[in-house]
There are 2 protein chains.
Amino acid sequence: MNETLDVAPADASLPDRGTMRTESGEIRSEFIQTITAAIAAEDEAFLRAEVAELHEADLGDLIAALAPDDRVRLVELTGTDFDFSALNEVDDAVREEILEELEPATVAEGVRELESDDAVELLESLDEEDKEQILEHLPPSERDVLARSLDYPEGSAGRRMQSEFIAVPLAWTVGQAIDYMRETPDLPERFYEIYAVDDARHWQGAVSLDALLRARRPVPLADLIDEDRRRVTVTDDLAEVARLFGKYNLVAAPVVDAENRLAGVITIDDVVDVIEEEADEDFKALGGVSGDEELSDSVWTIAKGRFNWLLVNLATAFLASSVLGLFEGQLQQMVALAVLAPIVASQGGNAATQTMTVAVRALATRELGPNNAMRVVLREGLVGLVNGLAFALITGIAAVAWFKMPGLGIVIGLAIISNLVAGALGGILIPMVLERVRADPAVASGTFVTTVTDVVGFFSFLGIATLWFGLK
Amino acid sequence: MNETLDVAPADASLPDRGTMRTESGEIRSEFIQTITAAIAAEDEAFLRAEVAELHEADLGDLIAALAPDDRVRLVELTGTDFDFSALNEVDDAVREEILEELEPATVAEGVRELESDDAVELLESLDEEDKEQILEHLPPSERDVLARSLDYPEGSAGRRMQSEFIAVPLAWTVGQAIDYMRETPDLPERFYEIYAVDDARHWQGAVSLDALLRARRPVPLADLIDEDRRRVTVTDDLAEVARLFGKYNLVAAPVVDAENRLAGVITIDDVVDVIEEEADEDFKALGGVSGDEELSDSVWTIAKGRFNWLLVNLATAFLASSVLGLFEGQLQQMVALAVLAPIVASQGGNAATQTMTVAVRALATRELGPNNAMRVVLREGLVGLVNGLAFALITGIAAVAWFKMPGLGIVIGLAIISNLVAGALGGILIPMVLERVRADPAVASGTFVTTVTDVVGFFSFLGIATLWFGLK
């Protein structure tokens, strides 16, 4: 299509963000103050109108910005105008606090307005008792749908699928399908494709809406089915589902049960959430933080959560120091060794962390697998050797310049080479072994890898120094 | 919709992966061998048939698994059956190698078959000369579209948008729009919504396909327009666009130029790529690796790429060791200090990295901003204090048990508290300052933060020891 080049007045060139936000996308503090004042004044009409206007994501941001007591009051005051899916946009801790304060009947009423996947997401973090109380307030058919989804394991496709979808007989034509959609009042809120099923609801194929709209009315649906279309099983891991979506550029995928009956549909917005959660977890794991930690958690919760990782680190730090302890005599004889030893450990630790980072990421994206493992291990070993040689030279010269002892330069250089090669091999092999034994490489690799470089660094530096200088 | 509960035979319950892959999703080595043999035998017919069968993502994986020479031969042998979008699925280094080996006319022919966004992605990594040569082989209208997209800055919406979209007059009805789609032969390959424009192609609104299919033919499109729909400007940053998609659950967004004329459309599959690239970059940055590093890079390229980060680390390691150097006398008098000093630095470094990780992530997701900065800084300081007290106790007891000197326990305990509080504040404030001065917190924070904890750790431990034991 050709662009018409006549210039005409622009009405606006940036995405609309409403009056709630500043230009840079922050919530205006005046907006929060207005809402807070209206809550204090119990100005129901104003709040209902404001809340009804907001997109669920914006409403979620507003909720998060309010004081804890005001959050619950806002939900109570705005009643049916409050979109409960906004609660899926806030931190778990905030959501749970609000849901626990509200009457189960109020929550149930809000849940009824949601698509089933949003309802499940809202309920899944509650404890069993609260969940039951809310489910009891729902009509049996809706309760059953939610209870079934909640029965699937956490992180499975069944948990995140939406039970609302469009299923039609394979024998229908395009015209029949379009008429059905025009005449059915309670279609899903958003949909991107329709599914063909047989009498027993076995999945037969998917037809995307654009294919439907290109075709003329008498064309049978069977002609429009994409033979290559992937489907997902209720028990499939969501991380695998996300990879499938990313790889094949899907916007939706049918979810079938063990008998190949259509049970639901997973849509790209849920997959984007999964991708972001996975990225979040991997990122935090690399930094020694649990994926569950949230910005709204209390000091105590966070300190406890991070304690374990620090304790493991303390143990490995003592292990490394015990290597120094083996060489107490030498350290006393030549204090330069005590001053320089941390440099050897640190360079090794950083080089090993680089290798480990690449390895963990490549394992997560499935880029690293049996087909190329040998090549990558060899490559990392060589990279360690190349940078080991480079830093042996630099560090050696710097050490000689500092302490005026030529032998020290050779000793630290040899130690750097050993430690960078050891670090590179540890950095690649440890994540691969963890993956093989089905541990999460992102979580566990860091400690092991820097332990290797601390121990090898101290031992090689002080060991070589002992031999070279004929110490103790 | 209710599920029919009759049990019926399952034909398959797992996603189809074709014969190319093993059950765990790896490419079968027999498959690679078959293709390699066919390339050697120049069995064009067989290769064309195989290649035409594969999804672009699978074809990309096959290309990556072949020997370098075979990659080019495969493209040449399969000619028009080779889908060039597969080349967007492989590492940059592999793609550039193939594109440079092929005749410009062959590449141009492949590019003509692609949607404009795929074509731009394929061409953008080439150097100017190669790009020009290929563009010259294209018809002027197609060349202009690609050249315009390539003119937008890297990382902008204009670079990733697809110039194929459906734009219709706002005055049309649903029936007219559907008839138009049925009668127009060259519609975009995939689309999720259509756009209403005025005579000068100014954007008027978006209508999603599901809205179109729910409505009856005489309904005017103007009634179906989603007033809240966000649009994107050609110059908008793709990372911002990705946040918009994630926040508002979009599958497509219109891209307008500075005059609000519709220039293209960005679809969720491109956004998913952007999200994954951003996650990849942030993850690697945290581990001290450039986001550009790819698994297929050579030893030399990788070693060079990682060298700079290690050099910065070496400088900071010498800085930290120079603090140890200030206390040479004390270290010689009491060698236990030399043995224990790395523990203080290590605990501080790990606690600070935890804080920094959370801060960098929260800045990237915009969860941390001016509204909650004070609260988060205070909280991190308190977390540092709480864990500082806990580890002061544990480390103190362990140090006393090891060296049988009660004073050493008190000294190391006080040093640990200082360093964990300093680390927490450094871990949160350094990324925030970097963000403020528009540096990327993910890339630069690590070095600064561990420098703080190394220096504070060594200085506080040895300084307190000097005072406590009256060393000198």
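Procedures and definitions
Residues numbered from 1 in each chain as written. Chains lettered and ligands numbered in written order. Predicted model: local features only at pLDDT ≥ 70, side-chain atom pairs only at ≥ 80, totals over all residues. Heavy atoms only, no water. UniProt positions renumbered as here; feature names shortened; annotations may be inferred. Contact = heavy atoms within 4.5 Å. Buried area = accessible area lost by both parts, 1.4 Å probe. Salt bridge = Lys/Arg side-chain N within 4 Å of Asp/Glu carboxyl O. Polar contact = N/O pair within 3.5 Å; in protein donor to acceptor, adjacent residues only side chain to side chain. Nonpolar A, V, L, I, M, F, W, Y, C, P; charged D, E, K, R; others polar. 1 Å grid on protein atoms, 1.4 Å probe; cavity = no way out; pocket = protein on both sides within 12 Å on 5 of 7 lines; lining within 4 Å. Points joined across faces, edges and corners; volume = space filled by probe spheres on them. Helix = DSSP H or I, 4+ residues; strand = E, 2+ residues; numbered from the N terminus. Axes fitted to C-alpha atoms, helices over the stretch in contact; angles between N-to-C directions. Parallel < 35°, antiparallel > 145°, perpendicular 65-115°, else oblique. Left-handed = near helix turned anticlockwise from the far one by under 90°. Pairing = 2+ DSSP bridges. Least-squares fit on C-alpha atoms with pLDDT ≥ 70 in both. Expected span 1.5 Å × (residues − 1). Phe/Tyr/Trp six-rings, centres within 6.5 Å; stacked < 30°, edge-to-face > 60°. Buried < 20%, exposed > 50% of the residue type's maximum accessible area, 1.4 Å probe, protein only. Lys NZ or Arg CZ within 6 Å of the ring centre and 35° of its normal.

Chain A is annotated in an unreviewed UniProt entry as Magnesium transporter MgtE of Bradyrhizobium oligotrophicum S58. Here chain A is described in UniProt, under the heading Subunit (unreviewed entry), as follows: "Homodimer." Quoted verbatim from the Sequence similarities (unreviewed entry) field of UniProt, the annotation for chain A is "Belongs to the SLC41A transporter family."

Student: So, the interface of chain A and chain B: which residues are in play, and what are the values?
Tutor: Of the residues lining the interface, 155 residues belong to chain A; the matching set on chain B comes to 154 residues. Taken over both partners, the interface formed by chain A and chain B buries close to 13,700 Å², and the fraction arising from carbon and sulfur atoms is 58%. Between K247 of chain A and D61 of chain B there is a salt bridge whose closest N-O contact spans 2.3 Å. On the surface where chain A and chain B come into contact, there are 46 residue pairs in polar contact (both at pLDDT 80 or more). Class assignment of the residues belonging to the side of chain A that touches chain B gives a composition of 79 nonpolar, 31 polar and 45 charged.

Student: Run through empty space enclosed by the protein, naming residues and quoting values.
Tutor: Taken as a whole and judged by the stated rule, the model has nine cavities of 30 Å³ or more. Taken as a whole, the largest cavity spans an internal volume of roughly 1,000 Å³. Together, 45 residues line the largest cavity, and N350 and T450 of chain A together with N350, T353 and T450 of chain B are the ones closest to its centre. When contributions to the lining of the largest cavity are tallied by element, the ones reaching two or more residues are α15 (299-326), α17 (335-364) and α20 (441-469) of chain A together with α15 (299-326), α17 (335-364) and α20 (441-469) of chain B. Split into classes, the residues belonging to the lining of the largest cavity amount to 18 nonpolar, 25 polar and two charged.

Student: With reference to specific residues and values, describe the packing of α17 of chain A against helix α19 (residues 406-436) of chain A.
Tutor: Residue and element names in this part refer to chain A. Contact geometry of α17 with α19 gives a least axis separation of 8 Å together with a crossing angle of 30°. When the interaxial angle is binned, α17 and α19 end up roughly parallel. Here α17 and α19 pass one another in a crossing that is right-handed.

Student: Could you give me a rundown of the sheet that holds strand β2 (residues 193-197) of chain B, with the residues and numbers involved?
Tutor: All names here are of chain B. Taken in spatial order, the three strands make up an open sheet running β1-β2-β3, and their pairing is mixed. Each edge of the sheet is formed by a strand with only one pairing partner; in this case those strands are β1 (167-169) and β3 (203-208). Strand-to-strand twist across the sheet, computed as the mean angle between neighbouring axes with direction ignored, equals 35°. Across three bridges, the pairing between β1 and β2 is parallel. Each bridged residue has a counterpart across the sheet, and for A167 the counterpart in β2 is Y195.

Student: So what's going on with the relation of the copies chain A and chain B? Which residues, and what values?
Tutor: Of the transformation superimposing chain A on chain B, the axial component is 0.0 Å and the angular component is 180°, with the fit at an RMSD of 0.1 Å. Put plainly, the chains are arranged around a two-fold axis. The residues that chain A uses at the interface reappear at the interface of chain B in 99% of cases, marking a shared surface.

Student: Break down the packing of helix α13 (residues 238-248) of chain B against helix α14 (residues 268-286) of chain B for me, citing the residues and quoting the values.
Tutor: Residue and element names in this part refer to chain B. Packing of α13 against α14 brings their axes to within 9 Å, and their N-to-C directions diverge by 115°. Taken together, α13 and α14 sit at an angle that is classed as roughly perpendicular. Relative to α14, the crossing made by α13 is left-handed. Together, L238, A239, A242 and F245 of α13 and I268, V271, V274, I275 and E278 of α14 make up the contact between the two elements. By residue class, the composition of the contact of α13 with α14 is eight nonpolar, no polar and one charged.

Student: How would you sum up α20 of chain A? Please name residues and give values.
Tutor: Residues and elements named next belong to chain A. Here α20 contains 29 residues, and its C-alpha end-to-end distance of 41 Å stays within 8% of the 42 Å for a straight helix at 1.5 Å per residue. The distance from a side-chain oxygen at the start of α20 to the backbone nitrogen of A442 is 2.9 Å, and the residue carrying that oxygen is D440. Looking at the residues trailing α20, positive phi occurs at G470, about 60°.

Student: Tell me about the packing of aromatic side chains, residues and numbers included.
Tutor: All told, the structure shown has twelve aromatic pairs over all chains when counted by the stated rule. Where F307 of chain A meets F391 of chain B, the ring centres are 4.8 Å apart and the plane angle is 25°; that geometry is what we call stacked. Remark: F391 of chain B occurs in helix α18 (residues 373-403) and F307 of chain A occurs in helix α15; the pair is interchain, linking two chains. Among the residues examined, F307 of chain A registers a relative accessible area of 23% and is labelled partly exposed. Clustering of aromatic rings is evident, with ring pairs tying together F318 of chain A together with W402 and F403 of chain B. Lying over the aromatic face of Y248 of chain A, R230 of chain A brings its terminal NZ or CZ to 3.8 Å of the ring centre.

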